[in-house]
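Report on the structure
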Amino acid sequence: MTDRPEEFDLLVVGGGKAGKTLSMDVARSGQRVAMVERGMIGGSCINVACIPTKALVTSARAARHLRGASALGLAVEGGRVDVDLLRAHKQDVVEGMVAANRQQFLDSGLHLVIGQARFVGPRTVRVSLANGGERLLSGADVVINTGTRPHLPAVPGMAEAGVLTSETLLRLDRLPARLVVLGGGTVGVEFAQMFASFGSMVTLIEGGPRLLTREDPDVSDAVLRLFLDDGIDVRVGVAVARIDRDVAGTVRVTLDDGSLVTGDDVLVAVGREPVTDGLGLDVAGVRLNERGFVVVDEHLRTSAERTWAAGDVAGSPQFTHVALDDYRIIRENLAGGQRSTVDRLIPYTVFTTPELARVGLTETEARRAGHDIQVAHLPVAAIPRARTLRQTEGMWKAIVDTRTDRILGAALLGAEAGEVITSVQLAMLAGMPWTALRDAIITHPTMTEGLNLLFASLRSRPVR
Ligand SMILES: Cc1cc2nc3c(=O)[nH]c(=O)nc-3n(C[C@H](O)[C@H](O)[C@H](O)COP(=O)(O)OP(=O)(O)OC[C@H]3O[C@@H](n4cnc5c(N)ncnc54)[C@H](O)[C@@H]3O)c2cc1C
Ligand SMILES: NC(=O)c1ccc[n+]([C@@H]2O[C@H](COP(=O)([O-])OP(=O)(O)OC[C@H]3O[C@@H](n4cnc5c(N)ncnc54)[C@H](O)[C@@H]3O)[C@@H](O)[C@H]2O)c1
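For clarity, every value in this text was computed on a predicted model and none was experimentally measured. (Residues numbered from 1 in each chain as written. Chains lettered and ligands numbered in written order. Predicted model: local features only at pLDDT ≥ 70, side-chain atom pairs only at ≥ 80, totals over all residues. Heavy atoms only, no water.)

Some points on the nonpolar core
With 39 residues, the main nonpolar core has Phe195, Val202, Leu204 and Phe227 as its most contacted residues. For this core, the secondary-structure elements that each account for two or more residues are α3 (50–67), α4 (83–108), β7 (178–182), α7 (186–198), β8 (201–206), α8 (217–229), β16 (348–350) and β20 (407–414). When residues in this core are grouped by element, the largest group, seven residues, is from α7. When near neighbours in sequence (up to four residues on either side) are disregarded, Phe227 contacts Val189, Ala192, Gln193, Leu204, Leu211, Ile232, Val234 and Thr352. By size, the runner-up hydrophobic cluster in this structure holds 29 residues, among which are Ile407, Leu412, Ala415 and Ile421. (Core = buried A, V, L, I, M, F, W, Y, C linked by side-chain atoms within 4.5 Å. Buried < 20%, exposed > 50% of the residue type's maximum accessible area, 1.4 Å probe, protein only. Helix = DSSP H or I, 4+ residues; strand = E, 2+ residues; numbered from the N terminus. Contact = heavy atoms within 4.5 Å.)

Take a look at the structure:
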């Protein structure tokens, strides 16, 4: 290797959703682009996060359907979960997407460099290549997109006891008979319910006052009731004092209220931390915040000249669709634009069964912000489609501004909520009044039709 770097118009460090989409787009426009990825073709979403988990949620839902088949008029036996088949299904979905990504990378003309990058100066990285050797690369512009990894808190005994993360549990080399889940956030609830559907006895421990602490208390309570119905043992407002594994292999989790939870495996799902250590960002002039995330401005510029950051590592809300929007922002700003992250309307869906889909403000946030609000409520059982699906669990709510008639936010817990929320989001983006959703003619019988009923529960402003 010479000391002169290979020069590119754009150098992307980490091939996550933001980085790979940007790399392909810029390469297709004829510029020289190098993307360094240490091993996961396509990034974490398709390899170890969204896609494998949602493939397994499909299996979990199928298992539930099979158990409830008689209610649908079907005489079906059992539905035993076979962990080898489960793993094969998940792998097949993942490998299909990885192969499609690899082909798209090739077609775009980007230079894919497989190896671990480390900054050795401004806009210059040394890459330890996966197949041996090194390369020195520089970019006229550089984008950091190295993502996050599971955070492991300092709990006495945990390292010796051995615990799982979302990544290691997804390898599925066995189905734990008893699974203890630490953390009742998005990862914790999705995994807890999925494994309960596969037949594991699940205990979920959340340090905060309730499940999904970002949500309104009535929404968290509705999720809690579903979990209790599923036989999940939920403990909230307790901290783990220590974790031990006995000679028989049983894990013993001692809580600070003196109680003891036992299991075969512990999944730690208490948040994610940025992948910035060992990246040499100090020599690149890139500032980090106290939690190790890259500090960016609203245009996703870092403290170093012509150096940008995108996705989880830039402190963006941790969703793939947000990483995609970060790509759009940088793409436009590389071309001299001023696109910004300010005031983005970011929906999300927690893939429990049924799903919890959210957009905009919660009721708590709307009140705190001083809005004069009305809150619409609807039990999902009131929606005809839910009856035909025989999935009547859940509740919907929406928050509207009484003065402007604009929709401020919605929380939909129910079947297909992740699809329905987009209609609410689009109405918000278009600045439509809530009455438009109350009065729109919507196909019958669909879940989206429930929006007519949800908003019909509100009072209209008197006509003046
Ligand atoms: C279990 C789980 C389920 C999730 N489900 C969903 C979901 O359903 N929907 C949703 O929207 N979001 C979901 N998320 C969040 C989503 O996965 C992330 O927000 C998203 O993947 C972030 O993408 P990114 O662009 O920041 O980078 P990432 O996809 O994290 O990519 C970063 C890449 O950088 C590479 N890298 C790191 N360091 C180096 C280095 N030094 N040199 C070279 N390469 C390097 C890594 O190998 C990785 O491929 C989930 C997350 C988890 C953990
Ligand atoms: N469907 C989706 O879109 C999806 C799915 C999974 C993950 N994600 C993304 O990944 C991010 C990370 O997910 P996550 O669930 O790891 O983090 P999170 O921040 O969503 O939740 C972590 C939870 O763990 C709790 N906690 C923290 N320390 C604890 C401790 N010592 N003991 C018990 N509980 C503790 C917190 O109070 C919190 O409720 C999410 O915020 C989300 O943005 C998205």
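From this point, the discussion proceeds with the structure in view.
Observations concerning the sheet that holds strand β13 (residues 265–268)
Taking strand neighbours across the sheet as the criterion, the four strands line up as β9-β8-β7-β13 in an open arrangement whose pairing is parallel. If you trace the sheet from one side to the other, it starts and ends with β9 (233–236) and β13, each paired once. On average, each strand axis in the sheet is inclined to that of its neighbour by 15°, with strand direction left out of account. Its contacts with the sheet put α7 on β7, β8 and β13, and the angle it makes with β8 is roughly 165°. (Pairing = 2+ DSSP bridges. Axes fitted to C-alpha atoms, helices over the stretch in contact; angles between N-to-C directions.)

Observations concerning the packing of aromatic side chains
Going through the model one piece at a time under the given rule, you end up with three aromatic pairs. With a centroid separation of 6.3 Å and 10° between ring planes, the pair formed by Phe191 and Phe195 is classed as stacked. Linking Phe191 with Phe195, this pair stays in helix α7, spanning four residues, or about one helical turn. Judged on exposure class, the residue Phe191 and its partner Phe195 are both buried. Judged by centre distance (5.2 Å) and plane angle (10°), the ring pair of Phe319 and Tyr348 falls under stacked. In this pair, Phe319 is assigned in the loop between β15 (307–309) and α9 (320–334) and Tyr348 in strand β16, connecting sequence segments 29 residues apart. Judged by its relative accessible area of 18%, Phe319 falls in the buried class. The exposure class assigned to Tyr348 is buried, which follows from its relative accessible area of 12%. Members of the aromatic cluster, joined through ring pairs, are Phe191, Phe195 and Phe198. (Phe/Tyr/Trp six-rings, centres within 6.5 Å; stacked < 30°, edge-to-face > 60°.)

A closer look at the pairing of β9
Note that β8 and β9 share four bridges and pair parallel. Across the sheet, residue Leu204 finds its bridge partner in β9, namely Val234. Handedness of the β-α-β unit built from β8, α8 and β9 comes out right-handed. (Right-handed = clockwise from strand over helix to strand, strands pointing away.)

Describing the UniProt feature "domain: Pyridine nucleotide-disulphide oxidoreductase dimerisation" (unreviewed entry) in the chain
The UniProt entry lists residues 346–451 under the feature "domain: Pyridine nucleotide-disulphide oxidoreductase dimerisation" (unreviewed entry), expressed in the numbering used here. Taken end to end, residues 346–451 is 31% helix and 29% strand, and its first and last C-alpha atoms sit 20 Å apart. (UniProt positions renumbered as here; feature names shortened; annotations may be inferred.)

Some details on the packing of helix α1 (residues 17–28) against α9
At their nearest, the axes of α1 and α9 sit 8 Å apart, and the two run at 40° to each other. On the basis of the axis angle, α1 is oblique to α9. For the crossing formed where α1 meets α9, the hand is right-handed. Along the contact surface, α1 presents Lys17, Ala18, Thr21, Leu22, Asp25 and Val26, while α9 presents Thr320, Ala323, Leu324, Tyr327, Ile330, Arg331 and Leu334. Taken together, the residues of the contact of α1 with α9 sort by class into eight nonpolar, two polar and three charged. (Parallel < 35°, antiparallel > 145°, perpendicular 65-115°, else oblique. Left-handed = near helix turned anticlockwise from the far one by under 90°. Nonpolar A, V, L, I, M, F, W, Y, C, P; charged D, E, K, R; others polar.)

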